[in-house]
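Letter by letter, the chains look like this.
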Amino acid sequence: MAVITYRQALHDTLRAELARDPGVFLMGEEIGVFEGSYKITAGLLTEFGPERVRDTPIAEEGFVGAAIGAAMLGLRPVVEIMTINFSILAMDQIVNHAAKIHTMFGGQSRVPIVIRTPGGGGQQLAATHSQNLEVWYAHVPGLKVVMPSTPADAKGLLAASIRDDDPVMFIEHLALYNTKGEVPDGDYVTEIGKAAVTKAGTDITIVSYSRMAAVALDVARRLEEDEGISVEVVDLRSLRPLDRSTILQSVRKTGKAVVLEEDWLSYGVGAEIAATIQEGAFDYLDAPVRRVAAAEIPLPYAKPLELAALPDATALLKVIHETLDATRFRG
Amino acid sequence: MAVITYRQALHDTLRAELARDPGVFLMGEEIGVFEGSYKITAGLLTEFGPERVRDTPIAEEGFVGAAIGAAMLGLRPVVEIMTINFSILAMDQIVNHAAKIHTMFGGQSRVPIVIRTPGGGGQQLAATHSQNLEVWYAHVPGLKVVMPSTPADAKGLLAASIRDDDPVMFIEHLALYNTKGEVPDGDYVTEIGKAAVTKAGTDITIVSYSRMAAVALDVARRLEEDEGISVEVVDLRSLRPLDRSTILQSVRKTGKAVVLEEDWLSYGVGAEIAATIQEGAFDYLDAPVRRVAAAEIPLPYAKPLELAALPDATALLKVIHETLDATRFRG
Amino acid sequence: MPPAQQKTATRAKTSTKTAARSAFPGEPVERLRDYYREMQLIRRFEERASEMYQRAKIGGYCHLNLGEEATIVGLMDALAPHDYLFTTYREHGYAIARGIEPGRIMAELFGRTTGVSKGWGGSMHLFDVEARLLGGYGIVGGQIPPATGAALAIAYRGPGGPDTEAVVCQLGDATTNIGAWHESLNLAAIWRLPIVYVVINNHLGMGTPVEKAAGEPDLYKRGAAFRMPGVRVDGNDVVACREAMTEALRLAREERQPSILEATSWRLRGHSVVDPAKYRTKEEVQRLHDLDPVAAFRKKLIDTGVLDAVEAARIDADVEVQVNACVEFADSSPNPSPDQLFAHAYATPVANAPHELPGDPLLSA
Amino acid sequence: MPPAQQKTATRAKTSTKTAARSAFPGEPVERLRDYYREMQLIRRFEERASEMYQRAKIGGYCHLNLGEEATIVGLMDALAPHDYLFTTYREHGYAIARGIEPGRIMAELFGRTTGVSKGWGGSMHLFDVEARLLGGYGIVGGQIPPATGAALAIAYRGPGGPDTEAVVCQLGDATTNIGAWHESLNLAAIWRLPIVYVVINNHLGMGTPVEKAAGEPDLYKRGAAFRMPGVRVDGNDVVACREAMTEALRLAREERQPSILEATSWRLRGHSVVDPAKYRTKEEVQRLHDLDPVAAFRKKLIDTGVLDAVEAARIDADVEVQVNACVEFADSSPNPSPDQLFAHAYATPVANAPHELPGDPLLSA
Ligand SMILES: Cc1ncc(C[n+]2csc(CCOP(=O)(O)OP(=O)(O)O)c2C)c(N)n1
Ligand SMILES: Cc1ncc(C[n+]2csc(CCOP(=O)(O)OP(=O)(O)O)c2C)c(N)n1
Ligand SMILES: [Mg+2]
Ligand SMILES: [Mg+2]
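Conventions and cut-offs
- Residues numbered from 1 in each chain as written.
- Chains lettered and ligands numbered in written order.
- Predicted model: local features only at pLDDT ≥ 70, side-chain atom pairs only at ≥ 80, totals over all residues.
- Heavy atoms only, no water.
- Contact = heavy atoms within 4.5 Å.
- Buried area = accessible area lost by both parts, 1.4 Å probe.
- Salt bridge = Lys/Arg side-chain N within 4 Å of Asp/Glu carboxyl O.
- Polar contact = N/O pair within 3.5 Å; in protein donor to acceptor, adjacent residues only side chain to side chain.
- Helix = DSSP H or I, 4+ residues; strand = E, 2+ residues; numbered from the N terminus.
- Nonpolar A, V, L, I, M, F, W, Y, C, P; charged D, E, K, R; others polar.
- Donors = N, O, S within 2.8 Å, 3.2 Å for Na, K, Ca; no water.
- Buried < 20%, exposed > 50% of the residue type's maximum accessible area, 1.4 Å probe, protein only.
- Pairing = 2+ DSSP bridges.
- Axes fitted to C-alpha atoms, helices over the stretch in contact; angles between N-to-C directions.
- Near = heavy atom within 4 Å.
- Areas by Shrake-Rupley, 256 points an atom, 1.4 Å probe, with all protein chains shown as cover.
- Least-squares fit on C-alpha atoms with pLDDT ≥ 70 in both.
- Parallel < 35°, antiparallel > 145°, perpendicular 65-115°, else oblique.
- Left-handed = near helix turned anticlockwise from the far one by under 90°.
- Core = buried A, V, L, I, M, F, W, Y, C linked by side-chain atoms within 4.5 Å.
- Right-handed = clockwise from strand over helix to strand, strands pointing away.
- Disulfide = S-S within 2.5 Å.

Peer 1: I'd love a proper account of the interface of chain A and chain B, names of residues and values included.
Peer 2: Counting residues at the interface gives 51 residues for chain A, matched by 51 residues for chain B. Of all residues in chain A, the largest losses of buried area upon contact with chain B belong to A:W136, A:H139 and A:Y267, amounting jointly to 19% of the total for that side. On the surface where chain A and chain B come into contact, there are six salt bridges. When the shortest N-O distance is used, the salt bridge between B:R290 and A:E279 registers 3.5 Å. Across the chain A-chain B interface, the total number found is 23 residue pairs in polar contact (both at pLDDT 80 or more). For the side of chain A that touches chain B, the secondary structure elements donating two or more residues are helix 5 (91–98), helix 6 (101–104), helix 7 (134–138), strand 12 (238–240), strand 13 (257–264), helix 11 (269–280) and strand 14 (290–294) of chain A. A total of eight residues in the side of chain A that touches chain B trace back to one element, the largest contributor, which is helix 11 of chain A. Partitioned by chemical class, the residues of the side of chain A that touches chain B number 28 nonpolar, 11 polar and 12 charged.

Peer 1: For the coordination of the magnesium ion (ligand 4), give the residues involved together with the corresponding values.
Peer 2: The coordination sphere of the magnesium ion (ligand 4), as far as protein atoms go, consists of D:D173 (OD), D:N202 (OD1) and D:L204 (O), spread over 2.0 to 2.2 Å. Assessed through its relative accessible area of 4%, D:D173 is described here as buried.

Peer 1: Let's hear about the sheet that holds strand 6 (residues 259–264) of chain D: which residues, and what values?
Peer 2: Residue and element names in this part refer to chain D. Judged by pairing direction, the sheet is parallel, and its six strands sit side by side in the order 2-1-3-4-6-5 without closing on themselves. Each of the sheet's edge strands pairs with one partner strand only, and the pair in question is strand 2 (133–137) and strand 5 (230–234). Going from strand to strand, the sheet's axes swing by 15° on average, the running direction of each strand aside. Direction of pairing for strand 4 (residues 195–201) relative to strand 6: parallel, over a ladder of six bridges. Its bridge partner being in strand 6, V198 is matched across the sheet by L261. Those strands touched by helix 7 (residues 144–157) are strand 1 (84–88), strand 3 (167–172) and strand 4, and its axis lies near 170° from that of strand 3.

Peer 1: So, the site of ligand 1: which residues are in play, and what are the values?
Peer 2: In the neighbourhood of ligand 1, 21 residues make up the surrounding shell, with B:E60, C:Y89, C:R90, C:G138 and C:T175 lying closest. With respect to ligand 1, its neighbouring residues span chains B and C. One nitrogen or oxygen atom from the side chain of C:Y89 is found 2.7 Å from an oxygen atom belonging to ligand 1. Contact distances for ligand 1 include 2.9 Å between a nitrogen atom and a backbone N or O atom of C:G138. With the chains in place, 96% of the 580 Å² that ligand 1 exposes on its own is no longer accessible. Of the residues assigned to the shell around ligand 1, the class counts are 10 nonpolar, seven polar and four charged.

Peer 1: Lay out the relation of the copies chain A and chain B in plain terms, naming residues and giving numbers.
Peer 2: Placing chain A over chain B gives an RMSD of 0.0 Å and needs a rotation angle of 180°, together with 0.0 Å of translation along the axis. Both chain copies can therefore be described as sitting about a two-fold axis. Interface overlap between copies: 100% of the residues of chain A at the interface are likewise at the interface in chain B, consistent with a symmetric, same-surface contact.

Peer 1: Kindly report on the environment of C:R192, identifying the contributing residues and their values.
Peer 2: All names here are of chain C. The residue R192 is located in the loop between helix 8 (179–191) and strand 4 (195–201) in this model. With a relative accessible area of 39%, R192 lands in the partly exposed category. Placed 65 residues apart in sequence, R192 and Q257 show a C-alpha to C-alpha distance of 5.6 Å. Setting aside residues up to four positions removed in sequence, R192 forms contacts with L187, E255, R256, Q257 and P258.

Peer 1: Give a detailed account of the packing of helix 3 (residues 60–72) of chain B against helix 5 (residues 91–104) of chain B, specifying residues and quantitative values.
Peer 2: Each pair of packed helices can be described by the angle between their axes along with the distance between the axes. Residues and elements named next belong to chain B. In the contact formed by helix 3 and helix 5, the axes pass within 8 Å of each other and the chain directions differ by 15°. The angle between helix 3 and helix 5 falls in the class roughly parallel. Seen from above, helix 3 lies across helix 5 with right-handed handedness. Together, E61, V64, G65, I68 and M72 of helix 3 and M91, D92, Q93, I94, H97, A98 and I101 of helix 5 make up the contact between the two elements. Here the contact of helix 3 with helix 5 is composed, by residue class, of seven nonpolar, three polar and two charged.

Peer 1: So what's going on with the site of ligand 2? Which residues, and what values?
Peer 2: With respect to spatial proximity, 21 residues lie near ligand 2, and among them A:E60, D:Y89, D:R90, D:G138 and D:T175 are the closest. Those chains with residues close to ligand 2 are chains A and D. Measuring from an oxygen atom of ligand 2, one finds a side-chain N or O atom of D:D173 at 3.1 Å. Note that an oxygen atom of ligand 2 is positioned 2.7 Å from one of the side-chain N or O atoms of D:T175.

Peer 1: Would you mind going over the interface of chain B and chain D in detail, with residue names and values included?
Peer 2: Between chain B and chain D, the contact holds 57 residues from the first and 47 residues from the second. Interface area, chain B with chain D, both sides summed: about 4100 Å², of which 65% is carbon and sulfur. By the criterion of area lost to chain D, the three top residues of chain B are B:L73, B:F105 and B:Q108, representing 17% of everything that side buries. Between the two partners, chain B and chain D, sit zero salt bridges. For the pair chain B and chain D, the interface holds 21 residue pairs in polar contact (both at pLDDT 80 or more). Mapped onto the side of chain B that touches chain D, the elements with two or more residues apiece are strand 2 (24–28), strand 3 (53–55), helix 3, helix 5, helix 9 (244–254) and helix 10 (269–280) of chain B. The biggest single contributor to the side of chain B that touches chain D is helix 3 of chain B, with nine residues. Classifying every residue of the side of chain B that touches chain D by side-chain character gives 20 nonpolar, 19 polar and 18 charged.

Peer 1: Describe helix 6 (residues 102–109) of chain C, with residues and values.
Peer 2: All names here are of chain C. Across the eight residues of helix 6, seven count as buried, placing the element largely inside the fold. Those residues of helix 6 lying buried are P102, G103, I105, M106, A107, E108 and L109. On its buried face, helix 6 is in contact with helix 3 (29–54), helix 5 (92–97) and helix 13 (309–332). At the exit of helix 6 stands G111, carrying a positive phi of roughly 75°.

Peer 1: Kindly report on the nonpolar core, identifying the contributing residues and their values.
Peer 2: Formed by 304 residues in total, the largest nonpolar core has its most connected members in A:W136, B:W136, B:I277, C:Y197 and D:Y197. Beyond its immediate sequence surroundings of up to four residues, B:I277 is in contact with B:V207, B:I247, B:L248, B:V251, B:A257, B:F282, B:L285 and B:V289.

Peer 1: Any chance you could break down unusual backbone geometry for me, citing the residues and the numbers?
Peer 2: Following A:R240, the chain continues into A:P241 via a peptide bond in cis, with omega recorded as -5°. Note on placement: A:P241 falls in the loop between strand 12 and helix 10 (244–254). Even without glycine at this site, D:R132 takes up a positive phi of about 55°. Relative accessible area serves as the criterion here: at 22%, D:R132 is assigned to the partly exposed category. At D:R256, a residue that is not glycine, the phi angle is positive and equals roughly 50°. If you trace the backbone, D:R256 turns up in the loop between helix 10 (238–255) and strand 6. What makes D:R256 buried here is its relative accessible area of 10%.

Peer 1: So what's going on with the pairing of strand 6 (residues 259–264) of chain C? Which residues, and what values?
Peer 2: In the case of a regular strand, side chains alternate between the two sheet surfaces. Residue and element names in this part refer to chain C. Extensive coverage of strand 6 is indicated by the burial of six of its six residues. Along strand 6, one buried face is formed by S259, L261 and A263 and the opposite face, lined by I260, E262 and T264, is buried too. Bridge count between strand 5 (residues 230–234) and strand 6: five bridges; the pairing is parallel. Note that in strand 6 the partner of D234 across the bridge is T264. Tracing the backbone out of strand 5, into helix 10 (residues 238–255) and back to the parallel element strand 6 gives a crossover that is right-handed.

Peer 1: Now, about the state of the cysteines: what can you tell me, with residues and values included?
Peer 2: Residues and elements named next belong to chain C. Applying the stated criterion across every chain yields a total of zero disulfides over all chains. Cysteine C169 shares no disulfide, and the gap to the nearest cysteine sulfur, in C241, comes to 17 Å. Among the residues examined, C169 registers a relative accessible area of 0% and is labelled buried. We note that C326 lacks a disulfide partner, and the nearest cysteine sulfur, in C62, lies 14 Å from it. What makes C326 buried here is its relative accessible area of 2%.

Now the structure itself:
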């Protein structure tokens, strides 16, 4: 086990998959000569050449669609869309084509494509460059949607996504690239469609994913140390398919749940989690499932406004305490 | 009060608004010479001329964006996108531009644009032409999203949307165009952001919107007549903003709720409704909030498969009974 | 080659060859007759489809190739079996011309399990792996990026040459105004991909004429923004269409030079079977009737002695029998059963994949 | 016209006019000095912005106009006050050249309430109603359809003429490969809209050269797909830029003929302030240094006697004072307060509009 960054884990996995399978190739804006906006592909052009590390013009709809066609002929394109905000321009190809082709043609074709793209706010990139749009993709049958929160899952889920024969939205987070963690050596694949209990606990469950899952884990540890509250943390990892049983198992044990998500509250990922819990663990719930999410406003540039709009540890702590108090819980 | 179709109500309102305000104009594919794919704009080209009833090339991103620019200069474009499935191609202009411009520029600009587009399945239009994507738009701050289920609301909400200074997604339903209902004469405006209780009841609440709200109302009446069960029906009408208090008021009274929606279950509109209810009416709920939604699969063409995938009155009845039984309710 | 064609190939008569030779230099009479038979087959298939739609055997949207028969037969005859084809939703004729058993196409329109897409796609979404028809697509412009990507896959696998694969991407005139077209042509140009973009210019979108929608109505010139060559051909001339496509494919295969091929024709009926085309004048309708490419080709073959009236009538009768058989095959084929709803959900099985029906509880076993 | 310019306008000396006249036929020396002052102002503003970014006074993305000063000053001088301007995220210089008080621009970069967008937009999203700068936009190509629509609104309101409004839509070379560009140009062409698409060809996307990204690297020719005329001008020649834009605007105003104007220049630094531009060779960097349009123009003005070294130095000193004032103004301006988070949520108030902060219960009062 080596301790490396989330960025390094992604880079190493791309490199390993390129070496393993000649049908795997990378496509995207500025991933070659420029080495990627966030340097995930640094050095790969030199190592694998322009056919396999292909710089594209700025044409998201065009090159994502091209990757789909290449995948239909049996190649395994791994596309980088610079940020999820730009994936909107490729959405017709992703949703009306990649997600439909296998089913709509009666199973005759497969679309083994991976779309890597980072989301997330908090870097003062303002309203159009800070969005968390994963719930849109999570809603679409035919897609698989994964969002690793640790370097290990970044490696394991990326390998699984590249080897999967369905279109996978592999959603990263700008603020995770420099985070570090232990990563298993060698070939390491994480099953798509399974959530992870990243910390066991008995008093309350926090359900989260991506960067917020890291925040949740941190808060959980603090609560245990400082206040002796035993918090269980569920990291969804996969939004489609959604691992409902792992969530419900945890809440049936703790009887209380809070969702921490970075997207906008209404119709966000947390809505599905809360809806799932109240249906699947109704008789076990001691208090309503609360959601800690972003304020519903296009994210402002100015730092004080951005900070006010985004969820954080403080807001999570507040809601955990309110939830415990609602059940007259004494830690 | 005249009894007219949903189509007629839309047509008459567009005509009235064109006559009322010279700044209002229509744009879209085949809305003029062809009179609209669904004939909502029939006759308007002849009456108002090509400047105000403007046929566009097939370029959703381009002409929706053009409408946004025209709106920034003070005009009030009403854009028709032939079906919501094609709105995906304009999504960058809708979400990254129309929804952001007012807030991102510190309130200096307004985007009074209405985007009319029908969604819905059930006509054997297959996977790419039968989607219900409203939840994507409902998730986006800066937009207003309305979905009338009756001819009266079609009139009242369309007038309100055209006179509103924010971008409004006005989502219609293919299967509603020929439905009839009473429509108030003269100038009639329905407030955006308010749900309607279309039938009062005391035993259980059905929350729905668009075509499914009509199905819900029908089922509610039958249950009352046939089984003496008193069902309250809440028609959301507006998905953003969402009228949570009207939903909660109803459920606090009935203690039970079922959501009927035509979109895919996971991360659909119903998820937010269920999440809202369990948080806002937790102590009043006698049973979990169940959701009746579409099967999570790209919609097949063949009729037997399409029927199996879409929610209907039978599925709703089943879930209502299961919910009542769960609370040992005797009608 | 469709079974339909092989049949007549044997019936050639040398006596007629001379007259034919002058009208159709270098064309074997058998081939000309096969062209006629295939054009007639597409014509009658589409007319029966329209009938079946009226009788509610077919649902959804249904777009016909009426008026495009010569274009389709000519263009498709230039493709090698290993070439890939991507089309729009107006593709029944292309599927027939690619040699797919017409009964399986009609069955798809009927939504039956014996259909080319097993009833999942319907009229707009015909797909067949063996025929390398990689799909009809209903989103305008949607097929263009994937077709371009298929060409990228071919280029990824090796250099060009006379026997290499190529991609043909068919689209309509009004589709040249959408962004995906521009982005795709640019990719094909800078990456030198083996693809031919065939623009079927039937002069209308749904009701919008080309010159009202396109800043450059000479559509074959629109490749100028990418230094991509283009040619225009008379879509009512089956031989000219084949020749033009043959050259475009040669460019794609041997020089990896993508190009635009515009074929002009006239849509004989409405945009889809439900469109009465009220926006057309009586004169226009009459003019179109006179331009009917199938009738014109039939007459020319008889005038030049390639066919005599009896043979022509026999071909028509054979086609009639064949199309009736298609309808019977389709109508007697089974409907997919609801329990198959999730049969094609994912290519790679995955944990927790949803399989609930409307009204099922979450996590139904 | 920016206050910066008026100041020097008074200082003209007739003695220098003759020499200047030969080098800059017909150009009043005052104007040439004003051009230099404004180019220098943009230069120093950008250099200070870069500094402030390093000192964390500015966040997010920050793209500079270094190397594009002559282009911006020349192009913008051709606009009438009633013309509308839409730009990319690389727009500080345009805002300055439109006459917006530079302090308000720096304040926006600092995210302060006194900024042109009240701190909501930042570097990529400058907006000012009075100056008719209708926004900098961060989505590549995103500004093109709205700019086209602004031109549609002008056309909707009345016929063209010498004094009518027009729209200028600025974009980068790499942006000519995106679909929104194609769709918008087509709309402008078929509807004959009063707009000029100015392509700032700085020869690079982020690190990708034009010829690797564009099938037709002569970008001014890409209007061919819409029968739209285009011209290319040397972006380092301030007077040539003004002249070319003046003619393009005349076409737009008087003939309602949209057109493309390509201005070539060289990006002197990285794509944004955080890009070290490793992909550039030492030679390349040196070559760019020699091409610096501000230094070149300064030298030419001195060589031709439009400026003497003392005056030039005085202008530089004035600009230094002005830019320092910008930074002070920005730094001493207030930050927006969090309770203003929903101040600009909707233009028309609406029932049940969300106003919860993270962690608030639903329906917080
Ligand atoms: C993105 C998108 N926009 C609009 C439509 C609706 N539509 C279907 S066909 C069509 C006209 C296409 O005309 P053309 O490209 O000339 O092809 P033709 O139908 O004439 O063969 C339109 C507007 C669609 N299917 N997809
Ligand atoms: C739709 C979209 N795709 C990608 C990006 C990321 N991006 C920002 S600027 C840029 C390069 C643009 O180059 P060019 O158009 O030449 O303008 P320049 O930066 O050179 O002024 C890219 C790829 C974006 N902002 N939007
Ligand atoms: Mg056409
Ligand atoms: Mg550039």
